[in-house]
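Close look at the chain arrangement
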Amino acid sequence: MSSSTFSALHEKLGSNVGLILDVPSSSLGISKRKWHSAFISIYCSRAFLSLQPSTLPKHTNSTFISRTLSYSIVRVEPVTVPIINGFKADQQSLTELVKEKNLNELLELGGVAEVASALKTDAEHGINGDDAEDIARRHEAFGSNTYKKPPTQGFLHFVWEAFKDLTILILLGCAALSLGFGIKEHGLKEGWIDGGSICLAVILVISVSAISNYRQSRQFDKLSKVSNNLQIEAVRNGRRQLISIFEIVVGDVICLKIGDQVPADGLLLDGHSLSVDESSMTGESDHVEICVAVNPFLFSGTKIADGYGRMLVTSVGMNTNWGAMMSQISQDTSEKTPLQARLDKLTSSIGKVGLAVAFFVLVVMLVRYFTGNTEDENGNKEYNGSKTKSDDIINAVIGIIAAAVTIVVVAIPEGLPLAVTLTLAYSMKRMMVDNAMVRKLSACETMGSATTICTDKTGTLTMNQMKVTKFWLGKESVEEEAYSSISPHVLNLIQEGVALNTTGSVYRPNLDSEIEISGSPTEKAILSWAVHGSKMDMEIVVKSCSILHVEAFNSKKKQSGVLVERNTDSSIHVHWKGAAEMILAMCKSYYTASGIVKNMDENEKRKFEQIIQSMAASSLRCIAFAHKQVPAEEHLNKDQKFVLMEDGLTLLGVVGLKDPCRPGVKKAVEECQYAGVNVKMITGDNVFTAKAIATECGILRPAQDMLGAVIEGVEFRNYTPEERLEKVEKICVMARSSPFDKLLMVQCLKQKGHVVAVTGDGTNDAPALKEADIGLSMGIQGTEVAKESSDIVIMDDNFASVATVLMWGRCVYNNIQKFIQFQLTVNVAALLINFVAAVSAGQVPLTAVQLLWVNLIMDTLGALALATEKPTKELMEKPPVGRTAPLITNIMWRNILPQALYQITVLLILQFKGKAIFGVSDKVKDTLIFNTFVLCQIFNEFNARKLEKKNVFKGIHTNKLFMGIIAVTVVLQILMVEVLKKFADTERLNWGQWGLCIGIAVISWPIGWLVKCIPVPAKPIFSYLKKKNKHSV
């Protein structure tokens, strides 16, 4: 038989028939062997007949007379399915099956169950997670759930970026010219020093800048890996367990619920009310319904919008569209935060002033040189008209240009962006240790300005460790030891309502082992109560009924329902579970403990409401169960779709779940309130539970007027926009709120000028998290949708961590202000000293290399020292910084101007009178000026640690990095003066001269202490100037 004919036959037979043909006859009984033989004969003859037309020659002539067909004997080999690493499936077929949503092919293969069998997966119990060899085989056959990332930018990229700076390029140009003419005039041994020194200084500045940016990039990569490492719920060995998304293999059974990200491509095994948001893949905003019969295809990267289910993984990593797409996307780490944008403007303004000063110095020095008013080291005129060599003129002009350019380098505070980058990167790293993962850089600084925090209750203020502590059946509270007295019929209905209407699961490997319960904290608490309290055997209850339809729980409905058919009598029942008052409203009757059904009139309903309120007032979350037997003709609507009845139900019982407050949450709330930040609680729980928890946490005070402070979501929703704006600030607690209510509150608070932080964990919280200035999602209970919509993920779901984030936010802002104060002092002093000296004496006291050295210690080492200060409790003693508050405050101006004035005065005295006073040469005088100037900055760095406090040494022992940088700077300065004389153009100083420099510099400390005694107005200085301008206009 030809290979083409054989392949055609193979195609006709299909993979399933291939499996049947491949069954060894020895494994079959006599009767089954006969059936097997008959099946092969019939099926193969049909397959051959279907091939007949393709074997005959094509003739168009109508007179063609067919001859008798010739026959050949064909030996049919058993058709075998290729086995790859022990699996009867290949990756390409699985990938195409899901990508093309080929339902017909899936049905031909025998459905999802047959695919699971080919992948050696037990659809009920999953794969064997303990078998390392099996996992390795799956990795080898189908790949891992990781994707190739674009190559990260190397160190040379950041070096090149630093080289692009215009001032650096000008300086390098000047250095090259100076090097060329210097070598030409003085020879290689001496001529390289001036130009080479500038080159080395520039390279040093570039290297430090590149290293800082490179390290920040690596920091982002590390955080990206952490944020991408999602925890996924998988079924392995029959047990639900959390595994890393990167550990998922083909054949895994994954549990999906509302808000989850689908971690790989796959097929739906079973599920209810499942709909998926595929906008990340297709761009279509409409949700896609997923069901086993019509559309069981699930794609990696999409989000579960509603319902729940279990999927079989068929493709992972680069074999999915999501993996291929993500491998092409690199994270943008060049995001500009609002503070960085403001600092760019400040840098630009200072740079313009520096440029103007440098240009003026350039003109004055050129005029003085060409008019013969400058002298060399021997006292001779530098310029004598035509007598002066052209090389000397070019060298002098280059020196003047280099000095002017260096003034620009010192004037432009390149350290400001670096300081922001360093402090943000440092804060992100430290916040990770404090259980807060920053997803957006801007949130670090914005959090420092937060005026209001809108927080969830469950899991954030409370521990999210639910336990059923109360059970009411009818109008009686039933203790656990009295459960045996409950009517078996009622107990059976309650167990049905718990076991069938849940997203949790109960697992027990054998009778001797402990029962393992998984699911959300609420589901786990109710299942635990039913299993241990009422002795429910979940497996028996689940097998006794068939689930027809499920209405999944979400935060909007606050209830879930299930329609079931009993296997014993085919009767149809509906079970509802949810918020007690909502379920109560659906009921017309209730069961007593003895199994009697009693009517529920308005009077009876009020009694039940009081029971619920009393439980809620004890900080209990109230969940009710209701039931109804549905006539066979009423469970389908006109479109023949299942419908769950929502009225005329019978109340089965109410449970009260206790969720204790987190230890330390009251203190954290008080700290936020003390810092001028309002804390508002927004919860889906009923108003009495909300009020009790809010009082326990310190959000409400016992003697507080509750009118307007505690409100329900529906009431807030129904206010007019004007009423909402008027009342929003007084609200402390909003109960029974929907995600839309939370969004409304955020919008109102922002309209009132508040900087709002919001916590959220559900999919429906995404709009509020995006709308808020800072969105805080929960790392444990938060859905992937919520996390992606947030700016910061609170890893331990604890409100105390929210308070820590607030403190870190203020620390970032405060550290930037410290550095601005330090840098502006240097800028003002350096500019004015060089300007005055250039205008009056025609030369600058600080050379290009010296100014570059000052620039290095000021910009880079200074930024590193001040940007890494840890937050202190003092930060929480001040009110929040407003959105439009100036970066440079009156307090900072008060600290900057006296220090700059002192430095300018002392250094100008040294410039003009130093030679006469101390009897030293010009070279030593210039070295004294350089050394004193640098030491002044080192001592002033201590002053910059505290903007307002007089004791600048408090807590200094805790910042080892600060002390280390100061020590390194001092050592390097000694080397510059004493060792690198030619490089820095300095002379060695004796002990007395070093003592003089230190003595002048140390006076910075008492000056810093004295100026902090001067009171300053709270209103920014420039606001008065603006007012005067307005009046003059």
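Residues numbered from 1 in each chain as written. Predicted model: local features only at pLDDT ≥ 70, side-chain atom pairs only at ≥ 80, totals over all residues. Heavy atoms only, no water.

Helix and strand counts for the protein chain come out as 35 helices and 26 strands. Considering the protein chain as a whole, with its 1033 residues, one finds that 50% of them fall into the buried category. The contacts in the protein chain between residues at least 6 apart in sequence include a share of 73% that link residues at least 24 apart. (Helix = DSSP H or I, 4+ residues; strand = E, 2+ residues; numbered from the N terminus. Buried < 20%, exposed > 50% of the residue type's maximum accessible area, 1.4 Å probe, protein only. Contact = heavy atoms within 4.5 Å.)

This part covers helix α28 (residues 848-867). Given a rise of 1.5 Å per residue, 20 residues ought to cover 28 Å, and the 27 Å separating the end C-alpha atoms of α28 matches this to within 8%. Of all the bends in α28, the greatest, near 30 degrees, is centred on Leu861. Counted residue by residue, α28 has 19 buried out of 20 residues, so it is predominantly covered. (Expected span 1.5 Å × (residues − 1). Bend = angle between axes of the 7 residues up to and from the residue.)

Our focus in this paragraph is a nonpolar patch on the surface. A contiguous nonpolar patch, built from Val968, Val971, Leu972, Leu975, Val979 and Leu980 and spanning about 460 Å² of accessible area, is present on the exposed surface. Within the secondary structure, Val971 is located in helix α31 (residues 960-978). Overall, Val971 belongs to the partly exposed group, its relative accessible area being 48%. (Patch = residues over 30% accessible without salt bridge, like charges linked within 9 Å, V, L, I, M, F, W, Y side chains within 5 Å. Areas by Shrake-Rupley, 256 points an atom, 1.4 Å probe, with all protein chains shown as cover. Salt bridge = Lys/Arg side-chain N within 4 Å of Asp/Glu carboxyl O.)

Turning our eyes to something else, we now look at the environment of Lys752. Structurally, Lys752 can be placed in the loop between α24 (739-751) and β24 (756-760). Classification of Lys752 by relative accessible area gives partly exposed; the value is 38%. Residues Lys752 and Val728 lie 24 residues apart in sequence; the distance between their C-alpha atoms is 9.0 Å. Dropping the residues within four chain positions of it, Lys752 is found in contact with Leu725, Val728 and Glu729. Among the polar contacts made by the side chain of Lys752, one reaches the main-chain carbonyl oxygen of Leu725 at a distance of 3.4 Å. (Polar contact = N/O pair within 3.5 Å; in protein donor to acceptor, adjacent residues only side chain to side chain.)

As summarised here, the arrangement of the eight strands in space is β8-β26-β25-β24-β9-β21-β23-β22, forming an open sheet in which the pairing is mixed. On the outer flanks of this sheet lie β8 (436-438) and β22 (710-712), each paired with one strand and no other. Pairwise comparison of adjacent strand axes, ignoring direction, gives a mean angle of 20 degrees for this sheet. Where β24 and strand β25 (residues 774-778) come together, four bridges link them in parallel fashion. (Pairing = 2+ DSSP bridges. Axes fitted to C-alpha atoms, helices over the stretch in contact; angles between N-to-C directions.)

Of note, Asn464 is a non-glycine position whose phi angle comes to about 60 degrees, a positive value. With respect to the helices and strands, Asn464 occurs in the loop between β9 (452-455) and β10 (467-473). Judged by relative accessible area, which is 14%, Asn464 ranks as buried. One non-glycine residue, Asp797, adopts positive backbone phi at about 60 degrees. With respect to the helices, strands and loops of the structure, Asp797 is situated in the loop between β26 (792-794) and α27 (799-841).

This next bit is on a positive patch on the surface. Together, Lys149, Arg215, Lys222, Lys225, Lys429, Arg430, Lys870 and Lys960 give the surface a local cluster of positive charge. Mapped onto the positive patch, the elements with two or more residues apiece are α8 (166-228) and α13 (415-433). The element best represented in the positive patch is α8, accounting for three residues. Using a relative accessible area of 71% as the deciding quantity, one classes Lys960 as exposed. (Lys, Arg positive; Asp, Glu negative; His and termini not counted. Charge placed at Lys NZ, Arg CZ, Asp CG, Glu CD.)

This next bit is on the pattern of salt bridges. This model, assessed by the stated rule, comprises 31 salt bridges. Note that Arg566 is salt-bridged to Glu496, the shortest N-O span being 2.9 Å. A residue pair is termed long-range when its members are at least 10 positions apart, and Arg566 in strand β15 (residues 559-566) and Glu496 in helix α15 (residues 488-500) qualify at 70 residues. Comparing Arg566 with Glu496, the two get one shared label, buried.

A separate point is the packing of aromatic side chains. Applying the stated criterion to the full structure yields 15 aromatic pairs. Ring geometry for Phe471 versus Tyr483: centroids 5.8 Å apart, planes at 90 degrees, classification edge-to-face. Of this pair, Phe471 sits in strand β10 while Tyr483 is found in the loop between β11 (476-477) and α15, placing the two residues twelve residues apart along the sequence. Both residues of the pair, Phe471 and Tyr483, count as buried. Here the aromatic rings of Phe942 and Phe962 are separated by 5.3 Å at their centres, their planes lie at 85 degrees, and the arrangement is edge-to-face. With Phe942 in helix α30 (residues 922-943) and Phe962 in helix α31, this pair connects stretches of sequence that are 20 residues apart. Both residues of the pair, Phe942 and Phe962, count as buried. In this structure an aromatic cluster arises from ring pairing among Phe939, Phe942, Phe953, Phe962 and Trp1005. Lying across the ring of Phe962, Arg945 places its NZ or CZ 5.7 Å from the centre. When the ring centre of Trp1009 is taken as origin, the NZ or CZ atom of Lys950, which lies over that ring, is 5.1 Å away. (Phe/Tyr/Trp six-rings, centres within 6.5 Å; stacked < 30°, edge-to-face > 60°. Lys NZ or Arg CZ within 6 Å of the ring centre and 35° of its normal.)

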